[in-house]
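Listed below, chain by chain, are the residues.
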Amino acid sequence: MDRKKFLQSLLGASAFLTVPFSAYGTEDQAILEMIKDSSKDTKGSMFGFKAAPIKKVRVGIIGLGNRGKTLLEMFQWMIEKGQAEIVGLSDLKPKNVVAAQEKLSKWQKTKPQTYSKDVNDWEHLAKQDNVDLLLITTPWEWHTPMALFGMNHGKHVATEVPIAYSLSDCWALVETAERTKRHCIMLENCCYNEEELFVLNMIENGVFGDLTHAEGAYLHDLRAHMLSEDYYQGQWRLKHHINRDGNFYTTHGLGPLSFYMHIGRGDTYDYLTSMSSRELNLSQTAKRMKSSYTAFRCGDMNSTMIKTKLGKTMLLQFDVHTGRPYSRINKVVGTKAVHDGYPSRLFIDSEEPVFWGHRWLEAEAYQNYKAKYTHPMITKLKTISQGFKQGHGGMDFVMMYRLISCLNLGLPLDMNVYDGVMWSAITPLSELSVASKSLPLPFPDFTGGRWKDKTELEIMQVLKNGASSK
Ligand SMILES: NC(=O)c1ccc[n+]([C@@H]2O[C@H](COP(=O)([O-])OP(=O)(O)OC[C@H]3O[C@@H](n4cnc5c(N)ncnc54)[C@H](O)[C@@H]3O)[C@@H](O)[C@H]2O)c1
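About the thresholds
Sequence order as written defines residue numbering, which begins from 1 separately in each chain. With the structure being a predicted model, the display of local features is reserved for residues of pLDDT at least 70 and the display and counting of side-chain atom pairs for 80 or more, all residues being used for whole-chain, interface and lining totals. Near, as applied to residues and a molecule or strand, means the residue's backbone-placed C-beta atom lies within 6 Å of it. Helix and strand assignments follow DSSP, with helices taken as H or I runs no shorter than four residues and strands as E runs no shorter than two, numbered in order from the N terminus. Residues are sorted three ways: Asp, Glu, Lys and Arg are charged, Ala, Val, Leu, Ile, Met, Phe, Trp, Tyr, Cys and Pro are nonpolar, and all the rest, Gly among them, are polar. Where each domain begins and ends follows an automated or database-derived domain assignment. Angular values range over 0 to 180 degrees, each being the angle between N-to-C directions of two axes fitted as lines to C-alpha atoms, with helices fitted over their stretch in contact. Comment on the angle field: the value is read as roughly parallel under 35 degrees, roughly antiparallel over 145, roughly perpendicular from 65 to 115, and oblique elsewhere. The sense of a crossing depends on the near helix, which, turned anticlockwise from the far helix by less than a right angle, makes the crossing left-handed and, turned clockwise, makes it right-handed. It is the C-beta atoms, placed from the backbone, that decide contacts: two residues are in contact if theirs lie within 7 Å. Here, a strand pair is defined by DSSP locating no fewer than two bridges between the strands. Counting other C-beta atoms within 10 Å of its own, a residue is labelled buried from 20 upward, exposed at 12 or fewer, and partly exposed in the gap between, with every C-beta atom placed from the backbone. Directions pointing from the helix axis toward each C-beta atom define the arc. Note on terminology: a nonpolar core is a set of buried residues of type Ala, Val, Leu, Ile, Met, Phe, Trp, Tyr or Cys, with members joined through C-beta atoms within 7 Å.

Draft legend 1. Quick peek at the site of the ligand. The full set close to the ligand counts 25 residues, and Gly63, Gly65, Asn66, Arg67 and Gln233 are the nearest of them. Elements with a minimum of two residues in the shell around the ligand: helix 3 (66-73) and helix 7 (140-152). With 3 residues, the top contributor of residues to the shell around the ligand is helix 3. Per-class residue counts for the shell around the ligand are 10 nonpolar, 11 polar and 4 charged. Composition of the shell around the ligand by domain shows at least three residues from each of domain 2 (57-131) and domain 3 (191-465).

Below you can see the structure in the form of structure tokens.
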């Protein structure tokens, strides 16, 4: 791809309208100018946004592959309790729709409308009058167009991760959510995992003092999945690794870290710099497996450093090429305590500095913290959802339960459109930085300056507003 096309794909065509091509002489300056010029005048008006309560949320699901099937199962409990109903299903493959319909018929009396004629048949689902919420679980390239179309047809939308992977798509989502006054969220399930909520609850209760640094990641050996010809429909995920290089899957690590650091609620990302290693593991495996694709631009390991306006740092890593155990790292460092994940360990600092003995808490002391600070929603939901499918150890159910319950009650959602685009926009910026020798890049303000407001996280208000005990 030539440089102009590459920049255009990350920043959007509009970015070029204001930058004279003569500016290319000083390339770095041109990139910075383009990021600035791609900014729009947003208002931040979707912070704390409440829609009218919806007694029973009518849901349409687009995409019934690996993820769509799992998320459908999360609805069984809510359908049986009368909180939600699935009214439409769409997938390119008719057999995926039939399988979903059959599963659903065990829990729901009414039949959903189905759409699988062609690549645009989902538009009929998005236009269906009785849909309140569109759930988008398709490959990445569809998330933004489907979300925009859904909002423009009056629907609340929730997309799988990432919500977008160009800056212009991020701006379009913010602008459309603010104009249509529809919820537009990204379904970042890791924010609902027991360990991440335990850490968050400790942070919110002062156990860590003031935070200085955090590390998160998506380290997941996906070689078998990506090289398989039928795991991801048309090997869509592998194809991103052929021509792109950066961090494509930021949000599982970054979502929880951003909650810990109140990003968008008192602090925000200031700038980032990104670096990728050489690529070896995916291509070597692809050759061994005689894959039709054997050359990849994406390095095995991407490391992106983010500095926040209040001076905190984050390290975010991405590697889906290397054989190794799964990890999201989940490290958080404060003035009073440190946590490391995989496995979860906690260090509590002493009042006075000591020469020796800096050890993680022993099992019993750790369990005392666990007992005291496990997020109350986790304890409650584990009990009510016993015997039902949980998804990723429980976090998928908690996430869908929170989304539907907040819509039932007309409460603001835990994650808003700004969270979704901020966590996703790291991807195009990481690609630009990698391509420019790790040039530090400023982070656009999608919030119209509202990130400065110190507001409480919605997910910490559950006991006050009742959406965990319904
Ligand atoms: N949050 C998580 O833990 C998690 C886990 C897995 C996947 N995901 C995300 O879920 C999304 C889907 O991943 P997947 O593993 O299910 O992929 P997949 O290939 O198994 O499923 C995608 C489905 O979308 C359908 N589809 C594609 N284009 C369509 C169109 N125009 N209209 C209707 N249907 C269409 C395909 O037929 C396919 O069945 C991705 O964004 C992925 O990143 C998230």
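Draft legend 2. Looking closely at the packing of helix 9 (residues 194-204) against helix 12 (residues 251-260). Packing of helix 9 against helix 12 leaves a shortest axis separation of 9 Å and a crossing angle of 15°. Classified by the angle their axes make, helix 9 and helix 12 are roughly parallel. Remark: the crossing between helix 9 and helix 12 carries right-handed chirality. Residues Glu196, Val199, Leu200 and Ile203 of helix 9 form the contact with helix 12, whose participating residues are Pro256, Phe259 and Tyr260. Residues belonging to the contact of helix 9 with helix 12 are distributed by class as follows: 6 nonpolar, no polar and 1 charged.

Draft legend 3. Representation of the domain arrangement of the chain in the model. Taken domain by domain, the chain comprises domain 1 (3-37), domain 2 (57-131) and domain 3 (191-465). A separation of 30 Å is found between the C-alpha centroids of domain 1 and domain 3. Facing 6 residues of domain 1, the contacting portion of domain 3 comprises 9 residues. Every element with two or more residues in the side of domain 1 that touches domain 3 is listed here: helix 1 (3-11) and helix 2 (27-37). For the side of domain 1 that touches domain 3, the class distribution of residues is 5 nonpolar, no polar and 1 charged.

Draft legend 4. Representation of the sheet that holds strand 1 (residues 57-62) within the structure. On the basis of which strands lie adjacent, the open sheet formed by 6 strands has the order 3-2-1-4-5-6 and parallel pairing. One side of each edge strand has no neighbouring strand; the edge strands of this open sheet are strand 3 (113-115) and strand 6 (184-186). The sheet shows a mean angle of 20° between the axes of neighbouring strands, direction not considered.

Draft legend 5. Region of interest: helix 13 (residues 281-288). Of all the positions in helix 13, only Asn281, Leu282 and Ala286 are classed as buried. For helix 13, the arc enclosing every buried residue in end-on projection is 125°, short of the 170-degree limit, so these residues lie on one face. Facing away from the buried side of helix 13, by more than 90 degrees, are the exposed residues Lys287 and Arg288.

Draft legend 6. Spatial organisation of the sheet that holds strand 10 (residues 313-319). With mixed pairing, 8 strands are arranged side by side in an open sheet as 13-12-11-7-10-9-8-14. Unpaired on one side and paired on the other, strand 13 (345-348) and strand 14 (441-442) mark the two borders of the sheet. Here strand 12 (residues 337-340) runs beside strand 13; their pairing, made up of 4 bridges, is antiparallel. Note that in strand 13 the partner of Asp340 across the bridge is Arg345. Set on the sheet, helix 17 (residues 417-435) makes contact with strand 8 (269-276), strand 9 (302-308), strand 10 and strand 14; between it and strand 8 the angle comes to about 50°.

Draft legend 7. Looking closely at the nonpolar core. Judged by nonpolar contacts, the single largest core of 117 residues is most densely connected at Leu173, Tyr260 and Val421. By residue number, the principal contributor to this core is helix 17, which donates 11 residues. In contact with Leu173, other than residues within four places in its own chain, are Thr144, Ala147, Leu148, Ile163, Ala164, Cys184, Val417 and Val421. Residues Met226, Leu227, Leu282 and Cys298 belong to the second largest nonpolar core, which totals 7 residues.

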